[in-house]
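Tertiary structure, described
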Amino acid sequence: MLPQLITLYSVFYRCLSSADVRIAALTASVNFIQCLASPSHRDMFQDLLPLMMQTLTEALNSGQEATAQEALELLIELAGTEPRFLRRQLVDVVGSMLQIAEASSLEEGTRHLAIEFVITLAKARERAPGMMRKLPQFIHRLFAILMTMLLDLEDDPDWHTADTENEDAGETSNYGFGQECLDRLSISLGGNTIIPVASELFPSYLVAPEWQKHHAVHIAFAQIAEGCSKVHLFWFHLLGFSQDTYCLI
């Protein structure tokens, strides 16, 4: 088996280095790595990861976002099934994904997929327990990105005098995706990880003059409550007000 793996490694390496077949090579390599039952055999292909990421970055740099989104979907699949394959270069990979998520010039779908990749890693507790918790700086960045998404609300003065109430009025796809991801992230990482992050960011939102930021804290708290339910009183203590006070915000 070993000689065949060495040969396949060479083929994947060569094809991932070729712009003409790069996305096809990424598809083949991701599918093949997922088929390998032995961790030692998968580790033989670790050095392909920079080239796999290069497929994504080259597509973005050349303005081919459809190709970039295809690459992201493949990398999300790999992160979900074989998260340990990414562990040696986790800092570089997650950093790149968050950079994509923060790039306002990119399409919304591209940014959402980059966030989905990081959330997928956070959820991979059984296959790679605690892997994302070892990167607190990235958790802070991701949380800040999701909070910014909650600010993406449309406002129409006519809604304030409307006869009927529509709870979803003004919500954008960015807003909905941010809500969903906050819920998933808090459940995946737990309150002990999320609460210190939230306690750093929420106070600045609460003292800001924009109503959208106050609303974002209210929504974020609701979304992370399930993952943080056991330690919610500690959260209130950190913010310096009682639960009754929060209900009035």
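Structure: see above.
Right, let's walk through the structure included here. (Residues numbered from 1 in each chain as written. Predicted model: local features only at pLDDT ≥ 70, side-chain atom pairs only at ≥ 80, totals over all residues. Heavy atoms only, no water.)

**Quick word on the overall build of the chain**
- Across its full length, the chain holds 13 helices and zero strands.
- Going from the N terminus to the C terminus, the chain shows its helices and strands as α-α-α-α-α-α-α-α-α-α-α-α-α.
- Counting over 249 residues, the chain shows a buried share of 46%.
- In the chain, once contacts between residues fewer than 6 apart in sequence are set aside, the share between residues at least 24 apart is 74%. (Helix = DSSP H or I, 4+ residues; strand = E, 2+ residues; numbered from the N terminus. Buried < 20%, exposed > 50% of the residue type's maximum accessible area, 1.4 Å probe, protein only. Contact = heavy atoms within 4.5 Å.)

**Observations concerning the packing of helix α2 (residues 22-35) against helix α4 (residues 49-61)**
- Between α2 and α4, the shortest axis-to-axis distance is 10 Å and the interhelical angle comes to 145°. Crossing of α2 against α4: the hand is left-handed. Within the contact between the two elements, α2 uses Arg22, Ile23, Leu26, Ser29, Val30 and Ile33 and α4 uses Met52, Gln54, Thr55 and Glu58.
- Of the residues contributing to the contact of α2 with α4, the split by class is five nonpolar, three polar and two charged. (Axes fitted to C-alpha atoms, helices over the stretch in contact; angles between N-to-C directions. Left-handed = near helix turned anticlockwise from the far one by under 90°. Nonpolar A, V, L, I, M, F, W, Y, C, P; charged D, E, K, R; others polar.)

**Some thoughts on the nonpolar core**
- Of all hydrophobic cores here, the largest spans 75 residues; its most connected members are Met52, Leu56, Met97, Ile115, Phe117 and Met147.
- If we ignore the near neighbours within four places in the chain, the residues touching Ile115 are Ala101, Leu142, Ile145, Leu146, Met149, Phe177 and Cys181. (Core = buried A, V, L, I, M, F, W, Y, C linked by side-chain atoms within 4.5 Å.)

**Quick word on helix α10 (residues 191-206)**
- Residue Ser199 marks the point of greatest curvature in α10, where the axis turns by about 30°; the proline Pro203 follows within four residues.
- Within the sequence span of α10, burial applies to Gly191, Thr193, Ile194, Ile195, Val197, Ala198, Ser199, Phe202, Tyr205 and Leu206. (Bend = angle between axes of the 7 residues up to and from the residue.)

**Concerning the pattern of salt bridges**
- Using the criterion set out here, one finds six salt bridges in the structure.
- A salt bridge links Arg88 to Asp43; its shortest N-O distance comes to 3.7 Å. One end of the pair, Arg88, is in the loop between α5 (65-81) and α6 (90-102); the other, Asp43, is in helix α3 (residues 39-43), and 45 residues separate them in sequence.
- Overall, the relative accessible area of 55% leaves Arg88 in the exposed class.
- You can call Asp43 partly exposed: its relative accessible area is 23%.
- Ionic pairing is found between Glu180 and Arg184, a salt bridge with its closest N-O pair at 3.3 Å. Here Arg184 and Glu180 lie together in helix α9 (residues 173-189), a separation of four residues that amounts to about one turn.
- Assessed through its relative accessible area of 14%, Arg184 is described here as buried. (Salt bridge = Lys/Arg side-chain N within 4 Å of Asp/Glu carboxyl O.)

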